[in-house]
Structure formats: C-alpha cells, structure tokens
Amino acid sequence: MKKYLYILFVLVVSLFSCDTSKKAAITAQPQIVEKSITGLNKKAKNVIFMVGDGMGITQISSGLYSNDNKLNLERISTIGLHKCYAYDNLITDSAAGATAFACGVKTYNGAIGVGPDTIPVQSILEEAELKGLKTGMVATSTIDHATPASFAAHNKYRKNYEEIALDYLETGCEILIGGGQKSFDRREMDERNLSEEFAKDGYTVVSHVDKTINEIDMTDVEKLIFYTADSSPLPVSQGRDYLKPASELSIKHLNKNNENGFFLLIEGSQIDWGGHANDANMIITEMLDFDKTIGAVLDFAEKDGNTLVVITADHETGGFAIQKGSKLNDLKTKFTSDYHTADIIPVFAFGPGEEDFSGIYENTELYHKMRAAFGWESKKD
Ligand code: MG
Ligand code: ZN
C-alpha cells in the first residue's frame, strides 16, 4: 500500500512540474515516472542476505566508535527494525531467528527450518533453487550451525549437525563455505563420507588443510564446498580472515552465467560469540570484519544495479552497553547478560525493493519482503 501511495506522490509531483501538453502522456505511461526513482518497483534479480549474529545497535555502535566513527553500513539509507522474538519465548535463539528469516514462520528456540509443530517449511533458499536461481551460503561458524542450517535444512533440533549436513546434499547450493568438516567426513551417526558424496554430485570439495580461500581456482568449478575449519573457525583476533574474500568469490561465481539470479546468505557468526563471552574486543573485531565484508558486497551491488542487499541480525547478545568514560576508539563497556536479549533489531536494505524494508515489523516479514523483491507471488494469508 505504502508503495502505491509513494508512486501516487511521485506522479502528482511530476504532474505539477510538467506543462499541460505532457500531462496526458505521463498519466498514460506512469512507468516512465517510476523508472526515475531508484529501486522503486524494480525487481531484484539477486538477493544477498547478510546476518550479523548477535549484532544489536550497541554492537554496531561499538564497531563504529572503535573505527574512527565510520562504517560501510553508513552507505545504506533505508533502515528498518524487526521484532525478533520467537514463537515460544520473548528471547529468541539463532535457530528460531534464522527460521523466521528463511521460512517466514515464528517457531520454537532450537528449530531448524521447521514450524512449531516440527513440520518442515520450505525456505527462500530452497525455493530459489527450485526456481532455477543459484544459491550459496558463507559463514564464520560451522556451515551446519543454526543460522545457515535454517536456510538449507530441516531438523527439530539445531545440534543434530550430522543430520543437518546430510540435508545439504539435497539442497544443491552452488556454494557452501564455513567450518564443520567433521560433520561431513568423520561422522558418528553413520559411516557415510559426505565429502565423497558431494564430489560425486558435482561439487569441488576443498579443505582448509589443503588450501586457503585465496588459493582456490574457480575455473571449471560448478559447485563448491570449502571447509574453513574442522569444527568452529577461529575468531578474527586469532587470524581468521576469510569472510570478505569468500563472499567476493561466492558473488563472482554465482554471478557467472547468471541468467535467473541468485540468493546468497552471508553470516558474520561470531559477533554473537563475543556477546556470550562478554568480550567487547571480540564483538568489535568481529563487527568490523563483518562490516568490511559489507563494504565489498555493496561495491558489487552498486555496480550491478540488480542486487538487493539486506543486512540484519537475529538478535542482540550480551545486553551490551557503552558506558560513561568512553572515548572515540577507547570504549568502556558493560554486559547485563551472557545470553541473547529481546531488543528490536536494525535492518539495512540497499538496491531494488529497498523501500519495502523501512518501518517496524516482525522478523518473519523479512522473508516476505525478500520474496516480494524477487517478484515472487505472495505467500501471506
Ligand atoms: Mg549464527
Ligand atoms: Zn547466541
């Protein structure tokens, strides 16, 4: 509705600024007027969805004020807020939070791509695959951790990692980059070697043991799994530095022979872990790593013009606050919790369809808004 009011507004403004001889033509061809407004009514060919796990307003502020008062996030002007609570708890976890984004349902904490009744719900990533788009997931946690898992697996419980990894065989993502190699090829629940099965299915499977992200040659690669660690990847402070190059490699690959578009999930997973550990330095370094990646993604989206970038968090972690005595690049911080909080969460949107992301809405709306940006038929009741 808002969109139509906006178009009407634009139309009225245009009519007043034209002489009478042009009025009829513009009334008859409103699409000419619409075209002049950035993003308005234009479909997104590609969607890049970026989740900073645990990235509330204070996490963003701490990154900003520890980085000479600047962030790449500031390049985005369309901003909204989402209500992150879960079906069964005002305090969400990452599984319920990501399932809301991925599948458009509020569910219970711990649920991976299933509703409150534990029945699987198709995700936007799976729907994209079925519609012939390419898809990918990049994370700084294990790749079968709750946030990415909710986009490409269905399980009643987030910690069933080996079952989640098995689901990825069916999803068919063109790119999977993250830790967790052991749930794929040293499994306890069965004797299967999923790395070999993925390879048979056309994947190039690369381990951190053999190559760094910059050493991967993507010529002739159709689908890629890159395990960045055996279990959890290191924090930035201990030398992890793949999120930006992995995101750039993914975008380049998904955009190659890109006829139908792509959906890419990028997660800065460890901002949350800094919150759980009540470690302000970890929050800041992980936040800035995520923001550096945001910069690279926006560089692509600005040039491309057909890509919607949506950046948000599943929830805030730590009840993090910046205290008196803080100075630029020297913050005094405190935590009120070692778990998640119920703060409403910022959403940043850039590209075709961005105008739909301003306002305050439920976390599940992000699913519907991204689908709408693709131009897919609404699934709302
Ligand atoms: Mg996560
Ligand atoms: Zn957490």
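Our subject is the structure listed above.
Worth saying up front: this structure is predicted, and the values here are computed from it rather than measured.

A. Focus on the coordination of the zinc ion (ligand 2). Surrounding the zinc ion (ligand 2) are the protein donor atoms D272 (OD), D272 (OD), H276 (NE2) and H340 (NE2), at 2.1 to 2.3 Å. Its 4 donor atoms give the zinc ion (ligand 2) angles of 57 to 154 degrees at the centre, a pattern that matches the irregular case. Classification of D272 as buried rests on a relative accessible area of 5%.

B. Structural detail: the pattern of salt bridges. Throughout the structure, instances matching the rule amount to 20 salt bridges. Here R240 and E286 are joined by a salt bridge, their closest N and O atoms 2.8 Å apart. Of this pair, R240 sits in the loop between β6 (223-227) and α11 (243-254) while E286 sits in helix α13 (residues 280-304), placing them 46 residues apart in sequence. The buried category is assigned to E286, whose relative accessible area is 3%. One salt bridge connects D241 with K292, and the closest N-O pair in it is separated by 3.1 Å. Of this pair, D241 sits in the loop between β6 and α11 while K292 sits in helix α13, placing them 51 residues apart in sequence. By sharing partners, the salt bridges in this structure join E127, K131, R371 and K379 into a single network.

C. Main features of helix α5 (residues 94-103). In terms of burial, α5 is largely enclosed, as 10 of its 10 residues are buried. Where α5 is concerned, the buried positions are S94, A95, A96, G97, A98, T99, A100, F101, A102 and C103. Capping the start of α5 is the job of one residue whose side-chain oxygen sits 3.2 Å from the backbone nitrogen of A95: D93. Looking one or two places after α5, you find G104, whose phi comes out positive at around 75 degrees.

Conventions adopted
Residues numbered from 1 in each chain as written. Chains lettered and ligands numbered in written order. Predicted model: local features only at pLDDT ≥ 70, side-chain atom pairs only at ≥ 80, totals over all residues. Heavy atoms only, no water. Donors = N, O, S within 2.8 Å, 3.2 Å for Na, K, Ca; no water. Tetrahedral: all angles 85-135°; square planar, octahedral: opposite > 155°, others 65-115°. Buried < 20%, exposed > 50% of the residue type's maximum accessible area, 1.4 Å probe, protein only. Salt bridge = Lys/Arg side-chain N within 4 Å of Asp/Glu carboxyl O. Helix = DSSP H or I, 4+ residues; strand = E, 2+ residues; numbered from the N terminus. Polar contact = N/O pair within 3.5 Å; in protein donor to acceptor, adjacent residues only side chain to side chain.

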